[in-house]
Amino acid sequence: MGSRPASTAGYGDDAQETARRYEAVPFEVVHDDFLPWLPTAPSRVLDIGAGSGRDAAALSARGHQVVGVEPTPELREVAQRLHADMAIEWVDDALPSLASLHGPFDLILLSAVWMHLDEQERTGGMRRLAELVSPGGCVAMSLRHGPVPNGRRMFEVPAAGTIALADRFGLSTVHYGEELDVSGRAGVSWSTLVFRAQHHTDPGGNR
């Protein structure tokens, strides 16, 4: 992919320790809000900013065809080693362009990724997500709020603005939640959002 995106600042500094922290908390605990929205049949799934590979591996274990996108080479190498037994396609790419990817995907997961993008990148990124998700498919993302760790590039991105941006590109909000940090970090909280690729609202939440 060439030079590293600014959004990945700090993630290659101690990839082993970063991966250890991610792997210490199970997928089902971190993404409890998303579990009802996972495809029930084997589907094509995209994990953007896949980090240690924890989420990609959990989705692969559920029978999905998973593409894991991770632009930080140190993290990607750790993930490939930790989950070498899983059928995950690893890709070196990043938002907003994701130029090497070809949709459609039935589920797109962005865990703790979106707040690393500036406003222009988020607009381009949402446009690209809308292109990659299948009709009726879902985009699930978690947004971190609170203090920015040293060496990281992070913005305070409100959930309301993200919902409005998704709507601009035909992605309807079917879930919005707020939760505390599962690791108990002071001042850190999360928004959980699920969008579905459709141009009308679904007030019943049917899926």
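The structure under discussion appears in the preceding block.
Residues numbered from 1 in each chain as written. Predicted model: local features only at pLDDT ≥ 70, side-chain atom pairs only at ≥ 80, totals over all residues. Heavy atoms only, no water.

## Digging into the overall build of the chain
Thinking step 1. Scanning the chain for helices and strands turns up six helices and seven strands.
Thinking step 2. Going residue by residue from the N terminus, the α and β elements of the chain occur as α-α-β-α-β-α-β-β-α-β-α-β-β.
Thinking step 3. Per-residue burial for the chain yields a buried fraction of 53% across its 207 residues.
Thinking step 4. Within the chain, counting contacts between residues at least 6 apart in sequence, those at least 24 apart form 70% of the total.
Thinking step 5. Approximately 9,500 Å² of the chain is accessible, and the part contributed by carbon and sulfur atoms is 52%. (Helix = DSSP H or I, 4+ residues; strand = E, 2+ residues; numbered from the N terminus. Buried < 20%, exposed > 50% of the residue type's maximum accessible area, 1.4 Å probe, protein only. Contact = heavy atoms within 4.5 Å. Areas by Shrake-Rupley, 256 points an atom, 1.4 Å probe, with all protein chains shown as cover.)

## Description of the environment of Val 25
Thinking step 1. Position of Val 25 relative to the elements: it lies in the loop between α1 (15-23) and α2 (27-30).
Thinking step 2. A sequence separation of 157 residues divides Val 25 from Val 182, and the C-alpha atoms of the two residues are 8.3 Å apart.

## Considering the side chain of Ser 134
Thinking step 1. Here Ser 134 is to be found in strand β5 (residues 133-145).
Thinking step 2. The exposure class assigned to Ser 134 is buried, which follows from its relative accessible area of 7%.
Thinking step 3. Dropping the residues within four chain positions of it, Ser 134 is found in contact with Pro 104, Phe 105, Asp 106 and Ala 197.

## Side note on the sheet that holds strand β2 (residues 65-69)
Thinking step 1. The strand order β3-β2-β1-β4-β5-β7-β6 describes an open sheet built from seven strands, whose pairing is mixed. Looking at the sheet topology across the chains shown, the edges are occupied by β3 (88-91) and β6 (171-180). Neighbouring strand axes in the sheet, compared pairwise and without regard to direction, differ in orientation by 15° on average.
Thinking step 2. Running at roughly 150° to strand β4 (residues 105-111), helix α3 (residues 54-61) makes contact with β1 (44-48), β2, β3 and β4 of the sheet. (Pairing = 2+ DSSP bridges. Axes fitted to C-alpha atoms, helices over the stretch in contact; angles between N-to-C directions.)

## Here we look at the layout of surface pockets
Thinking step 1. Looking at the second largest pocket, its volume works out to about 180 Å³.
Thinking step 2. Along the walls of the second largest pocket sit twelve residues, with Trp 37, Pro 39, Asp 106, Gly 136 and Cys 138 positioned nearest its centre.
Thinking step 3. Ranked by residues supplied to the lining of the second largest pocket, first place goes to β5 with four residues. (1 Å grid on protein atoms, 1.4 Å probe; cavity = no way out; pocket = protein on both sides within 12 Å on 5 of 7 lines; lining within 4 Å. Points joined across faces, edges and corners; volume = space filled by probe spheres on them.)

## As for the pairing of β5
Sheet faces and side chains relate simply in a regular strand, where the side chains alternate between the two faces.
Thinking step 1. Burial analysis of β5 places eleven of its 13 residues in the buried class, the great majority of the element.
Thinking step 2. Pairing of β4 with β5 involves six bridges; the strand directions are parallel. By the bridge assignment, Phe 105 is partnered in β5 with Val 133.
Thinking step 3. Note that the unit made of β4, helix α5 (residues 119-132) and β5 has a crossover that is right-handed.
Thinking step 4. Judged from the eight bridges that link them, β5 and strand β7 (residues 189-197) form a sheet pairing that is antiparallel. Counterpart to Cys 138 in the pairing with β7 is Arg 196. (Right-handed = clockwise from strand over helix to strand, strands pointing away.)

## Examining the packing of aromatic side chains
Each aromatic ring pair is summarised here by two numbers: the centre-to-centre distance and the angle between the ring planes.
Thinking step 1. All told, the structure shown has zero aromatic pairs when counted by the stated rule.
Thinking step 2. A cation over an aromatic ring shows up here: Arg 44 above the ring of Phe 105, its NZ or CZ 4.1 Å from the ring centre. (Phe/Tyr/Trp six-rings, centres within 6.5 Å; stacked < 30°, edge-to-face > 60°. Lys NZ or Arg CZ within 6 Å of the ring centre and 35° of its normal.)

## Overview of the nonpolar core
Thinking step 1. The biggest cluster of nonpolar side chains holds 32 residues, and the ones touching the most others in it are Leu 46, Leu 95, Ile 108, Leu 110, Trp 114, Met 126 and Leu 129.
Thinking step 2. Within the residue set of this core, elements represented by two or more residues are β1, β2, β4, α5, β5, α6 (159-168) and β7.
Thinking step 3. In terms of residue count, the dominant contributor to this core is β5 (four residues).
Thinking step 4. Of all hydrophobic cores here, the second largest spans 20 residues; its members include Phe 27, Leu 107, Val 174 and Val 194. (Core = buried A, V, L, I, M, F, W, Y, C linked by side-chain atoms within 4.5 Å.)

## Re α3
Thinking step 1. Across the eight residues that make up α3, a large majority, seven, are buried.
Thinking step 2. Positive backbone phi, approximately 95°, marks Gly 63, located one or two places after α3.

## Looking at the pairing of β3
Thinking step 1. By the bridge criterion, four bridges tie β2 to β3 in an arrangement that is parallel. Opposite Val 67, over in β3, you have Glu 89 as the bridge partner.
Thinking step 2. Note that the unit made of β2, helix α4 (residues 73-82) and β3 has a crossover that is right-handed.

Read these as geometric descriptors, not functional statements.
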